[in-house]
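Analysis of the macromolecular model
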Amino acid sequence: MKQARSIGLLWQLVTLALLLPVAVFAQMPERTSEATARKFTLNLTDDGKAQMVCFLPKAPSGKAVVGIPGGGYSMLSNTHEGTLAHGWMNEQGIAYFVVNYRLPDGDRTKPISDVEQGFRIVRDSAQVWGINPHDVGIMGFSAGGHLSSVISTHSPLEVRPDFTILFYPVISMDERVSHVWSCRNFLGEDQKNPAIVRDFSTDKAVRRHLTPPACIIMASDDRLVPPVTNGVQYYSAMRNAGNECAMYIYPTGDHGFGFGPWFKYHNQMLTDLGNWLKARHTPKPDAIRVACVGNSITDGHGIDMAPAYGYPAELQKMLGDKYWVKNFGVSGRTMLNKGDLPYMNEMAWRDAIAFKPDIVIIKLGTNDSKPQNWQHGAEFKADLQQMITTLRPDLAQLATKKKKKKGKKTVEPRPTPEIYLCTPIPAFKTTWNISDEVITNNIIPIQQEVAKEYDLKVIDLHTLFANDGDKMLSDGIHPDGKGARRMAEIIAAETGLKEQ
């Protein structure tokens, strides 16, 4: 036991030795930038053990960044990996907030909840502080990079960042390929649980469309957190998902350079980071929100970089910046709650609701036609009704009123979201036992019946896409890039959004 403690102490001394130059800098007095209008500190917990230091710029651009210092989950390096960045941020018009979170001490929910609370405050105060609530990012360093990636992959949509900046991040919770003490301090006893280790190794938690764009900054000679098994793995997961991601690896700099001017490539890093931030598309605060709910056809299966070239992305290009179109498609999912992969069990469904859309385009049903799923077809109508009334509880009351009035309609203003039901596009082949006969004779009639019951518009993709078999992948089920654009054209025309 004494030997184990000695080894643990040695590891922590190695960590502190690598950070020694910046530890000296941390003792220097901090000066507020001339670009800073206000600096103040807010408590994130009632006892004040977690706080957020706030720097508001004189000329706000609407963008905000929440900074998460590193320190191996055993201390906070909150100067060079925290407040030091405020000058550059405020000069760019970026509101900057540093979260001095509680250390886990065996309870990882402490730092997670502190950062989530910081995001709630920033978004709740967005109008007062000159911030676009849809343009709030996170920037984490080392273990703070791991915490930032946890918030980016695990947290609910309302406290998830719009973009992620990771400096030399700890990503893996497997101590064999990562920073040992970050792993042990964050997971505690759960370090022995392979499922928990995998869950919080955040490259394994990246989700297509749902994980925010990321910029990863590292030095190739990092001796503390191996870049290849950490930051590079996160980049690979993001790129494989088709999510927007950039990675800058500088030749030297070791670990812990943060925003310190001693870093040889400091100015180049600021230029690279600044250009990445400027290039990001940001929805307007008052943009009309369009949620695209669906299976692999919405997701963009088979289309490289589908988040940029799938049908929702093409729809965004057509509609312009008055709209904010988000893709909530997940491959293989069913409308049926007893199907093999029910959509309403997914994180994407929870995100679609939390998105608070003004318009929802539902395109499900293709996978429901498979024999193993359609054996539960008698429940398709009820499950579709459940999805609709979850989005619009008032429609359940509307259906009841219509029955009582024997079909008579009353014209009343209806709350959002406006819901469109898309029939499945034709299954040009029977790949994966998908049946166009079941789609045509069973699923589409149910969709039409439910749409009539709730006064919803049906977009008949099955008919309107029937002559577009040349715009399909070889499986005959999924549209290619041209097919995705054709779908977007049909949906834009049928909803009338293009003309608004």
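You'll find the structure just up there.
The text that follows walks through the structure, step by step, so that each part is easy to find. Here the residue numbering is sequential within each chain, running from 1 through the sequence in written order. Per-residue local features of the predicted model are confined to residues with pLDDT of at least 70, and side-chain atom pairs are confined, for both listing and counting, to 80 or more; whole-chain, interface and lining totals are unaffected and use all residues. Side-chain metrics in this entry use all non-hydrogen atoms of the structure; hydrogen atoms and water are not considered.

Structural notes on the overall build of the protein chain
We count a stretch as a helix when DSSP gives it H or I for four or more residues in a row; a strand needs E for two or more, and each element gets its number in order from the N terminus. Looking only at helices and strands, the protein chain features 20 helices and 13 strands. Restricting the calculation to C-alpha atoms gives the radius of gyration, and the globule rule supplies 2.2 Å times the number of residues raised to the power 0.38. Rg of the C-alpha trace for the protein chain: 25 Å, near the compact-globule value of 23 Å for 500 residues, within the 12% margin. Each of the three principal axes of the protein chain carries a C-alpha extent, and together these read 75 × 50 × 45 Å. The cut-offs for exposure are 20% and 50% of the maximum accessible area for each residue type, with area from a 1.4 Å probe on protein chains only; residues under the lower value are buried, those over the upper are exposed, and the others partly exposed. Burial statistics for the protein chain: of 500 residues in total, 58% are counted as buried. Any two residues whose heavy atoms approach within 4.5 Å are treated as being in contact. The contacts in the protein chain between residues at least 6 apart in sequence include a share of 76% that link residues at least 24 apart. The Shrake-Rupley method, run with a 1.4 Å probe, gives the accessible areas here. Residue values count only the displayed protein chains as cover. Carbon and sulfur atoms form 52% of the exposed surface of the protein chain, whose accessible area is close to 21600 Å². Put simply, the protein chain has 56 plus and 53 minus side-chain charges, and the middle of one group is 3 Å from the middle of the other. When charges are counted, neither His nor the chain ends are considered; positive counts come from Lys and Arg and negative counts from Asp and Glu. By convention, charge coordinates are those of NZ in Lys, CZ in Arg, CG in Asp, or CD in Glu.

Some words on helix α9 (residues 231-241)
What α9 keeps buried is the set Gly231, Val232, Tyr234, Ala237, Met238 and Ala241. Contact partners of the buried residues in α9: α6 (143-154), β6 (163-167), β7 (214-219), β8 (245-250) and α12 (306-309). Just beyond α9, the residue with positive phi is glycine 242, at close to 85°.

Thoughts on helix α7 (residues 180-187)
The buried fraction of α7 is high, at 7 of 8 residues. Burial in α7 covers these residues: Val180, Trp181, Ser182, Cys183, Asn185, Phe186 and Leu187. Directly beyond the C-terminal end of α7, a positive phi value near 60° is found at glycine 188.

Let's talk about the sheet that holds strand β12 (residues 418-422)
The parallel open sheet is built from 5 strands, whose spatial order is β10-β9-β11-β12-β13. Whereas interior strands pair on both sides, the edge strands pair on one side only; in this sheet they are β10 (323-329) and β13 (457-459). On average, each strand axis in the sheet is tilted by 20° relative to the strand beside it, whichever way the strands run. Should DSSP find at least two bridges between two strands, the strands are taken to pair. Axis definition: a line fit to C-alpha positions, over the contact stretch in the case of helices; interaxial angles, taken between N-to-C directions, run 0 to 180 degrees.

Things to note about the side chain of serine 148
Along the chain, the position of serine 148 falls in helix α6. Owing to a relative accessible area of 0%, serine 148 belongs among the buried residues under this scheme. Whenever a nitrogen or oxygen atom comes within 3.5 Å of another N or O atom, the pair is scored as a polar contact, on the condition that within protein one atom can donate a hydrogen and the other can accept it, and that pairs from neighbouring residues in sequence are kept only if both atoms are in side chains. A polar contact is formed between the side chain of serine 148 and the backbone oxygen of glycine 144, at a distance of 2.8 Å. If we skip the residues at most four places from it in the chain, serine 148 touches Ile68, Ile138, Met139, Gly140 and Leu166.

Let's talk about the side chain of threonine 153
Secondary-structure assignment places threonine 153 in helix α6. What threonine 153 contacts, discounting residues up to four positions off in sequence, is Thr202, Ala205, Val206, Thr211, Tyr234 and Met347.

Things to note about the packing of aromatic side chains
When two rings of Phe, Tyr or Trp (its six-membered ring) have centres within 6.5 Å they constitute a pair, described as stacked for plane angles under 30 degrees, edge-to-face for angles over 60, and tilted for the intermediate range. Considering all chains together, one arrives at 21 aromatic pairs under this definition. Centroid distance phenylalanine 186 to phenylalanine 200: 5.5 Å. Interplanar angle 70°. Geometry classified as edge-to-face. Taken as a pair, phenylalanine 186 in helix α7 and phenylalanine 200 in the loop between α8 (194-199) and β7 lie far apart in primary sequence, 14 residues in all. The same class applies to phenylalanine 186 and to phenylalanine 200, which are both buried. Over the face of the ring belonging to tryptophan 181 we find arginine 184, whose NZ or CZ atom lies 5.1 Å from the ring centre. We count a charge as sitting over a ring when the NZ of a lysine or the CZ of an arginine lies within 6 Å of the ring centre and within 35 degrees of the ring normal.

Points about the sheet that holds β7
Strand order across the open sheet formed by 8 strands is β1-β2-β4-β3-β5-β6-β7-β8, with mixed pairing between neighbours. Of all the strands in the sheet, just β1 (36-43) and β8 have a single pairing partner and so form its edges. With direction set aside, neighbouring strand axes in the sheet form an average angle of 15°. With 6 bridges connecting them, β7 and β8 associate as parallel partners. Looking at β8, one finds that methionine 218 is bridged to isoleucine 249. Against the sheet, helix α4 (residues 109-124) touches β1, β2 (51-57), β3 (64-68), β4 (95-100) and β5 (136-141), its axis set at about 150° to β5. Those strands touched by helix α10 (residues 266-279) are β6, β7 and β8, and its axis lies near 165° from that of β6.

A closer look at the packing of helix α16 (residues 380-391) against helix α18 (residues 436-454)
Two quantities define a packed helix pair, namely the angle between the helix axes and the distance between the axes. Packing of α16 against α18 brings their axes to within 10 Å, and their N-to-C directions diverge by 40°. Compared by their axis directions, α16 and α18 come out oblique. Relative to α18, the crossing made by α16 is right-handed. Residues Phe380, Lys381, Leu384, Gln385, Ile388 and Thr389 of α16 form the contact with α18, whose own contacting residues are Ile443, Ile446, Gln447, Glu449, Val450, Glu453 and Tyr454. Taken together, the residues that form the contact of α16 with α18 break down as 7 nonpolar, 3 polar and 3 charged. Each angle is binned into one of four classes, with values under 35 degrees roughly parallel, values over 145 roughly antiparallel, values of 65 to 115 roughly perpendicular, and all other values oblique. In this scheme the handedness of a crossing depends on how the near helix is turned from the far one: anticlockwise by less than a right angle means left-handed, clockwise means right-handed. Side-chain classes follow a simple rule in which Ala, Val, Leu, Ile, Met, Phe, Trp, Tyr, Cys and Pro form the nonpolar group, Asp, Glu, Lys and Arg form the charged group, and the remainder, Gly included, forms the polar group.

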